[in-house]
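# Report on the structure
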Amino acid sequence: MFISFEGLDGSGKTTQIERLHARLEAAGKTVVRVREPGGTAVSERIRSLLLDPDAPIVPRAELLLFSAARAQVCDEIIRPALRSGDVVIADRFFDSTTAYQGGGRGLANPDWLGDFHRFVTDGLVPDLTVYLRLDPETALARRRARSATDDRMEASGQKFFDRVAKAYDTLAASEPERFVVLNAALPVEVLAEAIWRDVRRVDGNLGGARR
Ligand code: Z5A
């Protein structure tokens, strides 16, 4: 089973992934976690470049670099783990590119990106995508509480994040079977419960009801 988490930075992805990881392991599953960009030696080097505030990167190159990091993590980690029967949890996947580079940078319409993502991932699509929906102002406040400095992506400005949030909403509405949309302002434990219910719905072996 392949689960991805999406949302603005500060929406609580890491917090929820940790809880889901623990629950899946307690249920006897082997869990492999990846974060994007990153997860392999090459992808982590691309991550450093992408987040470096001193590296001027044009939007087209940005889209290609995020995607290059993804191609590597798909082949090196995600696909082999799924073949072994492990559960893979990804902190971001191709929907981040649609939202941030497609919506935020205004690079491409989702149709064009859909074909591109299929090429990059060689057809890998999450079974379930948890979208933690948070307004950009609250996301910024959470980020500020954690750090006073911005990386290159975080320094893109509030209008950029408004466009990203809008793109996520459009994306989630266009694929209601894959996406579960949750209000990320709810308490951590309430969200964890809701996510666990959805994961069990998708993986009948965990004791949940399938839809
Ligand atoms: N990016 C892109 O542009 N294109 C792509 O294709 C990909 C990525 C893959 C990666 O950043 C950047 O790359 C990101 C998107 C872009 N940039 N931006 N801007 P990253 O990997 O460094 O970080 P992130 O993925 O953006 O997430 P994060 O900053 O680590 O945040 P999070 O994991 O979503 O949230 P958290 O760490 O779990 O929680 C944040 C804080 O909120 C923390 O203090 C928690 O205690 C608190 N929290 C969590 N849940 C709650 C609730 N429910 N209530 C109240 N407070 C909460």
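These numbers come from a predicted model, not from an experiment.

## Describing unusual backbone geometry
- Here the bond from Glu36 into Pro37 is cis, since omega is -5 degrees, no more than 30 degrees from zero.
- Tracing the sequence through the fold places Pro37 in the loop between strand E2 (31–35) and helix H2 (41–51).
- The residue Arg92 is not glycine, and still its phi comes out positive at about 85 degrees.
- Arg92 gets classed as buried once you look at its relative accessible area, which sits at 12%.

## Quick word on helix H4 (residues 94–104)
- Burial of H4 is extensive: eleven of the eleven residues sit out of reach of the surface.
- Within H4, the full set of buried residues consists of Phe94, Asp95, Ser96, Thr97, Thr98, Ala99, Tyr100, Gln101, Gly102, Gly103 and Gly104.
- Where H4 terminates, the next one or two residues include Gly106, which has phi positive at roughly 70 degrees.

## So, the site of the ligand
- Around the ligand sit 27 residues, and of these Asp9, Lys13, Thr14, Thr15 and Thr97 come closest.
- Within the side chain of Arg92, an N or O atom sits 2.8 Å from an oxygen atom of the ligand.
- Contact distances for the ligand include 2.8 Å between a nitrogen atom and a backbone N or O atom of Leu186.
- Taken by itself the ligand offers 1100 Å² of open surface, and the protein chains cover 82% of this.
- Secondary-structure elements contributing two or more residues to the shell around the ligand are helix H1 (13–26), helix H3 (59–83), H4, helix H6 (136–146) and helix H8 (188–202).
- The leading source of residues in the shell around the ligand is H4, at four residues.

## Section: the sheet that holds strand E1 (residues 2–6)
- Taking strand neighbours across the sheet as the criterion, the five strands line up as E2-E3-E1-E4-E5 in an open arrangement whose pairing is parallel. The open sheet has two edge strands with one neighbour each: E2 and strand E5 (179–183). Direction aside, neighbouring strands of the sheet carry axes that sit 20 degrees apart on average.
- Against the sheet, H4 touches E1, strand E4 (128–133) and E5, its axis set at about 25 degrees to E1.

## Details of the pattern of salt bridges
- With the rule as written, the count across this model stands at 14 salt bridges.
- Among the salt bridges present, the one from Arg143 reaches Asp9, with a minimum N-O distance of 3.9 Å. With Arg143 in helix H6 and Asp9 in the loop between E1 and H1, this pair connects stretches of sequence that are 134 residues apart. Each member of the pair Arg143 and Asp9 is classed as buried.

## Things to note about the nonpolar core
- Ile3, Phe5, Leu20, Leu24, Tyr100, Val130 and Val199 are the most contacted members of the largest nonpolar core, which has 45 residues in total.
- With eight residues, helix H7 (residues 158–174) is the single largest residue contributor to this core.
- By size, the runner-up hydrophobic cluster in this structure holds twelve residues, among which are Val73, Ile78, Val88 and Phe94.

## Remarks on the environment of Lys29
- Summarising the element assignment, Lys29 is placed in the loop between H1 and E2.
- On the accessibility criterion, Lys29 (22% relative accessible area) is partly exposed.
- Taking the C-alpha atoms as reference points, Lys29 and Asp86, separated by 57 residues in sequence, lie 6.8 Å from one another.
- Residues within four places of Lys29 in sequence aside, it is in contact with Leu24, Val87, Asp203, Asn205 and Leu206.

## Quick look at the side chain of Arg152
- Position of Arg152 relative to the elements: it lies in the loop between H6 and H7.
- Residue class for Arg152 comes out buried when judged on its relative accessible area of 11%.
- A distance of 2.7 Å separates a polar atom in the side chain of Arg152 from the backbone oxygen of Leu50.
- The residues touching Arg152, leaving out its near neighbours within four places in the chain, are Leu49, Leu50, Leu51, Asp52, Pro53, Ala55, Ile57, Glu62 and Arg105.

About the criteria used
Residues numbered from 1 in each chain as written. Predicted model: local features only at pLDDT ≥ 70, side-chain atom pairs only at ≥ 80, totals over all residues. Heavy atoms only, no water. Helix = DSSP H or I, 4+ residues; strand = E, 2+ residues; numbered from the N terminus. Buried < 20%, exposed > 50% of the residue type's maximum accessible area, 1.4 Å probe, protein only. Near = heavy atom within 4 Å. Polar contact = N/O pair within 3.5 Å; in protein donor to acceptor, adjacent residues only side chain to side chain. Areas by Shrake-Rupley, 256 points an atom, 1.4 Å probe, with all protein chains shown as cover. Pairing = 2+ DSSP bridges. Axes fitted to C-alpha atoms, helices over the stretch in contact; angles between N-to-C directions. Contact = heavy atoms within 4.5 Å. Salt bridge = Lys/Arg side-chain N within 4 Å of Asp/Glu carboxyl O. Core = buried A, V, L, I, M, F, W, Y, C linked by side-chain atoms within 4.5 Å.

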